[in-house]
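Residue-level structure breakdown
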Protein chains: 2
Amino acid sequence: MISNAEIIAIGSELLSSSRTDTNSLYLTGKLNSIGIDVELKTVVGDTEARLETVVREAIRRSSLVISTGGLGPTEDDITRKVFARVMKRQLVLENKVLERIQARFRSRGLEMPTNNARQALVPIGAEILENTAGTAPGLWMEHEGSIVILLPGPPFELKRIFEETCIPRLTALTGGARMVTQVFKATGTTESKLDEMIAPIYSKYRNPTTTILASPGEIQVHITGKGRSEEEARQIVTELADQIEFALGDLIFSRGEESLEQIVGYYLVMRQMTVAVAESCTGGLISQRFTSVPGSSNYFLCGVSCYSNRSKVELIGIPPLLVEMGGVVSSDVAKALAEGIRLKSGASIGIGVTGIAGPSGGSVEKPVGLVYIALATEVGIECQEFRFVGDRNRIRYWASQAALDMIRKKLL
Amino acid sequence: MISNAEIIAIGSELLSSSRTDTNSLYLTGKLNSIGIDVELKTVVGDTEARLETVVREAIRRSSLVISTGGLGPTEDDITRKVFARVMKRQLVLENKVLERIQARFRSRGLEMPTNNARQALVPIGAEILENTAGTAPGLWMEHEGSIVILLPGPPFELKRIFEETCIPRLTALTGGARMVTQVFKATGTTESKLDEMIAPIYSKYRNPTTTILASPGEIQVHITGKGRSEEEARQIVTELADQIEFALGDLIFSRGEESLEQIVGYYLVMRQMTVAVAESCTGGLISQRFTSVPGSSNYFLCGVSCYSNRSKVELIGIPPLLVEMGGVVSSDVAKALAEGIRLKSGASIGIGVTGIAGPSGGSVEKPVGLVYIALATEVGIECQEFRFVGDRNRIRYWASQAALDMIRKKLL
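As the structure is a prediction and not an experimental result, all values here were calculated from the model.

With that settled, consider the overall build of chain A. A count of helices and strands for chain A gives 13 helices and 17 strands. For chain A, whose C-alpha radius of gyration is 28 Å, the value lies well above the compact-globule estimate of 22 Å for 412 residues. Dimensions of chain A, computed from the C-alpha atoms along their principal axes, are close to 85 × 55 × 40 Å. Counting every position in chain A, which comprises 412 residues, the buried fraction comes to 48%. Of the contacts formed within chain A by residues at least 6 apart in sequence, a portion of 66% connects residues at least 24 apart.

The mixed open sheet is built from 12 strands, whose spatial order is β6(A)-β7(A)-β8(A)-β3(A)-β1(A)-β2(A)-β2(B)-β1(B)-β3(B)-β8(B)-β7(B)-β6(B). Looking at strand neighbours, the two that pair on one side only are β6 (127-129) of chain A together with β6 (127-129) of chain B, the edges of this open sheet. Across the sheet, the axes of successive neighbouring strands diverge by a mean angle of 20°, strand direction being ignored. Packed onto the sheet, helix α1 (residues 23-33) of chain B meets β1 (4-10), β2 (37-44) and β3 (64-68) of chain B and runs at close to 165° relative to β1(B).

In terms of nonpolar packing, the biggest core is built from 140 residues, with Val275(A) and Val275(B) touching the most fellow members. Residues Ala9(A), Leu129(B), Leu139(B) and Leu170(B) belong to the second largest nonpolar core, which totals 96 residues.

Turning one copy of the chain about an axis and sliding it along that axis gives the other copy, so a rotation and a shift relate them. Of the transformation superimposing chain A on chain B, the axial component is 0.1 Å and the angular component is 180°, with the fit at an RMSD of 0.1 Å. In the structure described here, the two chain copies are related by an operation that fits a two-fold rotation axis. A high fraction, 100%, of the interface residues of chain A reappear at the interface in chain B, so the copies pair face to face through one surface.

Here the focus is the environment of Thr377(B). Residue and element names in this part refer to chain B. Along the polypeptide, Thr377 turns up in strand β16 (residues 370-377). Judged by the 16 C-beta atoms lying within 10 Å of it, Thr377 falls in the partly exposed class. Measuring from C-alpha to C-alpha, the distance between Thr377 and Thr114 comes to 69 Å, with 263 residues separating the pair along the chain. If we skip the residues at most four places from it in the chain, Thr377 touches Ser348 and Ile349.

Residue and element names in this part refer to chain A. According to the domain assignment, chain A contains domain 1 (4-173), domain 2 (178-254) and domain 3 (260-411). Measuring from the centre of the C-alpha atoms in domain 2 to the corresponding centre in domain 3 gives 31 Å. With eight residues of domain 2 at the interface, the matching set in domain 3 holds 10 residues. Looking at side-chain class alone, the side of domain 2 that touches domain 3 contains two nonpolar, four polar and two charged residues.

On to the interface of chain A and chain B. Taken together, the 51 residues of chain A in the interface contact 51 residues of chain B. Breaking the side of chain A that touches chain B down by element, the ones donating at least two residues are α1 (23-33), β2 (37-44), α2 (48-61), α9 (285-291), β14 (300-306), α10 (309-316), α12 (331-345) and α13 (392-411) of chain A. Looking at the side of chain A that touches chain B, its residues break down into 17 nonpolar, 25 polar and nine charged. Note that β14(A) and strand β14 (residues 300-306) of chain B share five bridges and pair antiparallel. Considered in β14(B), the bridge of Ser305(A) is made with Gly303(B).

Glancing now at the sheet that holds strand β17 (residues 380-387) of chain A. If you walk across this open sheet you meet the 10 strands as β17(A)-β16(A)-β15(A)-β13(A)-β14(A)-β14(B)-β13(B)-β15(B)-β16(B)-β17(B), and the pairing is mixed. Two strands in the sheet have a free side with no partner beyond their single neighbour: β17 of chain A together with β17 (380-387) of chain B. When the angles between neighbouring strand axes are averaged without regard to direction, this sheet yields 10°. Strand direction decides the pairing type here: strand β15 (residues 349-355) of chain A and strand β16 (residues 370-377) of chain A, joined by six bridges, are antiparallel. Note that in β16(A) the partner of Gly352(A) across the bridge is Ala374(A). Strands β13 (275-279), β15, β16 and β17 of chain A of the sheet are contacted by α13(A), whose axis makes an angle of about 30° with β16(A).

Further remarks concern unusual backbone geometry. Residues and elements named next belong to chain A. The residue after Gly358, namely Pro359, is reached through a cis peptide bond having omega 0°. By the element assignment, Pro359 lies in the loop between β15 and β16. With a phi angle near 45°, Glu144 is a residue other than glycine that sits in the positive phi range. Positionally, Glu144 belongs in the loop between β7 (138-143) and β8 (146-151).

All names here are of chain B. Of all five residues in β3, five are buried; the element is thus mostly enclosed. Burial along β3 is two-sided: Leu64, Ile66 and Thr68 facing one way and Val65 and Ser67 facing the other are all buried. Two strands pair when backbone bridges link them, and β1 and β3 are joined in this way by five bridges, in the parallel orientation. In the sheet register, Ile8 faces β3, and the bridge partner there is Ser67. Strand direction decides the pairing type here: β3 and strand β8 (residues 146-151), joined by five bridges, are parallel. When the sheet's bridge partners are listed, Thr68 is paired in β8 with Leu151.

Moving on: the confidence of the model for chain A. For chain A, the mean per-residue pLDDT works out to 92, and 100% of the residues sit at or above 70. What the predictor reports for the complex is a pTM of 0.82 with an ipTM of 0.81.

Residue and element names in this part refer to chain B. For α1, the set of buried residues is Asn23, Ser24, Leu27, Thr28, Leu31 and Asn32. Relative to the axis of α1, the buried residues are bounded by an arc of 155° and lie together on one face. One or two residues past the end of α1 sits Gly35, with phi positive at roughly 80°.

This brings us to the packing of helix α8 (residues 260-270) of chain A against α13(A). Residues and elements named next belong to chain A. Closest axis-to-axis distance for the α8/α13 pair is 10 Å, and the angle between their directions is 30°. For the element pair α8 / α13, the angle class is roughly parallel. Crossing of α8 over α13 shows left-handed handedness. Together, Leu260, Glu261, Ile263, Val264 and Tyr267 of α8 and Gln401, Leu404, Asp405, Ile407, Arg408 and Leu411 of α13 make up the contact between the two elements.

Residue and element names in this part refer to chain A. Its place among the elements puts Asp405 in helix α13. Distance from Asp405 to Ala126, taken between C-alpha atoms, is 54 Å for residues 279 residues apart in sequence. Setting aside chain neighbours within four positions, we find Asp405 in contact with Thr187, Gly188 and Leu260.

All names here are of chain B. Tracing the sequence through the fold places Pro320 in helix α11 (residues 320-326). Classification of Pro320 by C-beta neighbours within 10 Å gives exposed; the count is 12. Expressed as a C-alpha distance, the spacing of Pro320 and Arg50, which sit 270 residues apart in the sequence, is 70 Å.

Every other side chain in a regular strand lies on the same face of the sheet, so the side chains alternate between the two faces. Residues and elements named next belong to chain A. In terms of strand pairing, strand β10 (residues 209-215) meets strand β11 (residues 218-227) through seven bridges, oriented antiparallel. Across the sheet, Thr210 pairs through a bridge with Ile223, a residue of β11. Connecting β10 to the next strand, β11, in antiparallel fashion are two residues, including Gly217 with a positive phi near 80°.

Residues and elements named next belong to chain B. Two elements in contact, α1 and helix α5 (residues 155-173), have axes separated by 11 Å at closest approach and are oriented at 20°. Relative to α5, the element α1 is oriented roughly parallel. Relative to α5, the crossing made by α1 is right-handed. Residues Asn23, Tyr26, Leu27 and Lys30 of α1 form the contact with α5, whose own contacting residues are Pro155, Leu158, Lys159, Phe162 and Ile167. Here the contact of α1 with α5 is built from residues that sort into six nonpolar, one polar and two charged.

Calculation rules
- Residues numbered from 1 in each chain as written.
- Chains lettered and ligands numbered in written order.
- Predicted model: local features only at pLDDT ≥ 70, side-chain atom pairs only at ≥ 80, totals over all residues.
- Helix = DSSP H or I, 4+ residues; strand = E, 2+ residues; numbered from the N terminus.
- Rg over C-alpha atoms; globule rule 2.2 N^0.38 Å.
- Buried ≥ 20, exposed ≤ 12 C-beta atoms within 10 Å, placed from the backbone.
- Contact = placed C-beta atoms within 7 Å.
- Pairing = 2+ DSSP bridges.
- Axes fitted to C-alpha atoms, helices over the stretch in contact; angles between N-to-C directions.
- Core = buried A, V, L, I, M, F, W, Y, C linked by C-beta atoms within 7 Å.
- Least-squares fit on C-alpha atoms with pLDDT ≥ 70 in both.
- Domains from an automatic or database assignment.
- Nonpolar A, V, L, I, M, F, W, Y, C, P; charged D, E, K, R; others polar.
- pLDDT = per-residue confidence, 0-100.
- Arc of directions from axis to C-beta.
- Parallel < 35°, antiparallel > 145°, perpendicular 65-115°, else oblique.
- Left-handed = near helix turned anticlockwise from the far one by under 90°.

What follows is the structure in structure tokens.
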């Protein structure tokens, strides 16, 4: 039975300062979902001696070893060779694989370069995992009680092979054990305040485990349960998840993968309402987030990023005196922006945002991070004052998040 | 002398499907800059037995081993203990460290929790790398010809310690060897076409090495040279970089870290010009990118994301007939948007964008990915037609990139 897995990512390009191994994140998610923990990940370059020590240790200590990359047709691609050496197996040319690679080239009207024949070399006793998305097949081997899987590096090929051929076989080997994760996404509070609210609840449980991940304007709670079956795992998760959901109430905006802009979009469609935005310090970010969602043209009418004072007056119709008198960062201007864009666009909801994103432009009275957000409807205008901390990008993102959340709460 | 480094990231949270080890990217960049290659990276959880095998192998094979994480005050933090065991050294309580931690708590009016005393445990013979940003100090040890550095996991603390104490010492140990990297950022072509242009040039060199990294709308060329001194490394890079720069010409928009929106901003300031945008399918993305740059209020006047037809007519002043007759995705509408926003805003340059970002809304005549971008100035209006491929986000990003690049080329 498989208890723990180890992933080896092979390729010198993964050891640069600008590249990171993302295949292992995908594999970890998939393995977790069938109850297998990943206990170790290694990134190693195309150096035979290095790779050899890594592979030797891995097979010795882990019941499942998955490698990614290094199955290409060039000299650099040493994965097959090194695994075969460690496992003391000869490499033999597998005709069926060779024919498939040749056919793949022929179907595109090309002749197979000689190099690609290398991809048909297979350690004796290995099973071929067919690659319907590329030339290099995956390989499945059993060795001294461990399962060893070699997968090609291109994510599209790796995913296709792993899903089609490995998941079903590994699932059978786990004896039915499963992991289930419930995600809650929350906004409108801080990580520590949220943790204070739910720590007394989740700390009573060792299974499921609870992880809190915070990014600007969004806090995710991941509740993961292990069981002997999917049903049992789900039950274990649900018992805790229900309590956490109750404790957090309105702070939760999503119970799955949806972003805040998607959730607000659902609400707008449901209520048959439309929205328009006049944003100064967020400079188009709120519009951009709304319109990143397919189908948003059904409820998003328009957005104006009014940076210059002239545009505030000309495009939104703000009274020139208001801009001249109180400065542009005030609740009055936010309200005028919200109501102005609502009237100009004919939307059911108008949003107005003005603030100081920094790094310059702040003062003692109006520091960097001060943002006013107003929401106008037919029946009235409300405005909230926020003081965000962080750099320009962080403040802008926080402000866009707060604006979207004001709409969500209005529509709840 | 140090020839190769190995990084061990310690912490079970780094083995989930949603988290990735970013400290190693920072460390790799810094090590590369002083001529040290990173040959192996491992991510391992808080399990003593696992960590022990990893540490033992690492010290055996690498002349520099850097670990990150696991230096906190809790039971889970096993780094000190495991390294001490592998290196057969006792852990002793270092009074100077203890006092510093106590003082840190006192300065915030708090008493030190007993747990934190653990952070003052040090393997015999280790040198303390003072942490001015947190409680856990780093540790520097020499063992059987290898250098072993333990650093805390929080990126801010890790960077502070590494920069202040490790870089100078490691630099001295490299015997002056250096790596220098020149980055070119290009846009307006494809990865394979760009590679065709420069492969005949760079393939003649083994040092420097050339890497091409492509992301939507941007291609980076990294040229990295190694030398016995910084000057030598720079010379080695320059010889090739000059040829590549000449071959790529105008395709290069940046010779450093600047983004396209920053570069366009520089040009606008230099020419004392201003810009305004009326964007349909990009929905605020171009505005958002312009305004993400500090100081952009000096040249960015306003942007309108006109999703509804009414907003195209009311806010930009497009003739209603034009929208009704030809549909909104046409070069005429793009031109009218560009000229309209220029006149409304008083900007020197007006940009108009209209297209089909998908996933729905496409037809045989006007498929998803068709985008018109127009640029209006006092002297006239030009328009280009693009056909981008990919999903909604990709098409939108490509379009924003093409629009910014049209401005750049206009201002060259």
